[in-house]
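Notes for the structure review
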Amino acid sequence: MVMFLFLVVALAVVVAAVTLAVVGGGESGPLPEAAPERLQDALPPDRPVGRADVERLRFPLVVRGYRMADVDDALARLGAELAERDARIADLEAALAGARAAAPVPADRPAPVSTDKPEPEDGER
């Protein structure tokens, strides 16, 4: 009987504490909505992306992994910069090939010297 009385008093104390916390706990109302966590160190908008920028890039975690919009934005930016660099490399290689083709070959230029050593004959070693 003492144990039953103890459990009833304990239950009454818990119910009273929860009621006070809910009713009198906040005059400011419910908690404000938390702003979603956003990407802290985004890729720099004012200069090309470097290796250190990509290594420093960290996406905030959300319930099911990463925020898809942040990942999509970063991948789109990296893809655009890679395409731009590939196009620039292709232009420079084409210009170099054109310059080499247009360069005159001097007539007094010596023949290229082979750096390969001649093979020793059977008796020489």
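Residues numbered from 1 in each chain as written. Predicted model: local features only at pLDDT ≥ 70, side-chain atom pairs only at ≥ 80, totals over all residues. Heavy atoms only, no water.

1. Some remarks on the overall build of the chain
Within the chain, the secondary structure is distributed over 3 helices and 2 strands. Traced from its N-terminal end to its C-terminal end, the chain shows the element sequence α-α-β-β-α. Here the chain holds 125 residues, and the buried ones make up 8% of them. Within the chain, residue pairs in contact and separated by at least 24 positions form 48% of the contacts whose partners lie at least 6 positions apart. Entry remark: accessible area of the chain is about 11600 Å², with carbon and sulfur atoms responsible for 63%. (Helix = DSSP H or I, 4+ residues; strand = E, 2+ residues; numbered from the N terminus. Buried < 20%, exposed > 50% of the residue type's maximum accessible area, 1.4 Å probe, protein only. Contact = heavy atoms within 4.5 Å. Areas by Shrake-Rupley, 256 points an atom, 1.4 Å probe, with all protein chains shown as cover.)

2. Describing the packing of aromatic side chains
As enumerated under the stated definition, the model contains 1 aromatic pair in all. Relative to Tyr-66, the ring of Phe-59 has its centre 6.0 Å away and its plane inclined at 65 degrees; by these criteria the two rings are edge-to-face. Given a relative accessible area of 23%, Phe-59 falls into the partly exposed group. (Phe/Tyr/Trp six-rings, centres within 6.5 Å; stacked < 30°, edge-to-face > 60°.)

3. Concerning helix α3 (residues 68-102)
One turn of the α-helix equals 3.6 residues, which is why residues spaced by three or four share an orientation. For α3, which comprises 35 residues, the first-to-last C-alpha distance of 51 Å matches the rise-based estimate of 51 Å (1.5 Å per residue) to within 8%. Listing the buried residues of α3 in full gives Asp-70, Ala-74 and Glu-81. (Expected span 1.5 Å × (residues − 1).)

4. Comments concerning the pattern of salt bridges
Across all of its chains, the model carries 5 salt bridges by this definition. Linking Arg-85 and Glu-81 is a salt bridge whose minimum nitrogen-to-oxygen distance equals 3.5 Å. Here Arg-85 pairs with Glu-81, and both are found in helix α3, just 4 residues apart, close to one helical turn. The class of Arg-85 is partly exposed, set by a relative accessible area of 39%. For Glu-81, a relative accessible area of 12% corresponds to the buried category. Counted as one network, the salt bridges with shared partners bring together Arg-47, Asp-53 and Arg-56. (Salt bridge = Lys/Arg side-chain N within 4 Å of Asp/Glu carboxyl O.)

5. Some remarks on the confidence of the model for the chain
Of all residues in the chain, 73% have pLDDT values of 70 or greater, and the mean over the chain is 81. The least confident element of the chain, judged by mean pLDDT, is strand β1 (residues 61-62) at 80; the most confident is α3 at 92. (pLDDT = per-residue confidence, 0-100.)

6. Digging into a nonpolar patch on the surface
Taken together, the side chains of Val-14, Val-18, Val-22 and Val-23 present a nonpolar region at the surface, about 400 Å² in accessible area. Since its relative accessible area comes to 66%, Val-23 is described here as exposed. (Patch = residues over 30% accessible without salt bridge, like charges linked within 9 Å, V, L, I, M, F, W, Y side chains within 5 Å.)

7. A few points about the environment of Glu-81
A sequence separation of 32 residues divides Glu-81 from Val-49, and the C-alpha atoms of the two residues are 7.5 Å apart. Not counting chain neighbours up to four residues away, the residues in contact with Glu-81 comprise Arg-47, Pro-48 and Val-49. A distance of 2.8 Å separates the side chain of Glu-81 from the backbone nitrogen of Val-49, its partner in a polar contact. (Polar contact = N/O pair within 3.5 Å; in protein donor to acceptor, adjacent residues only side chain to side chain.)

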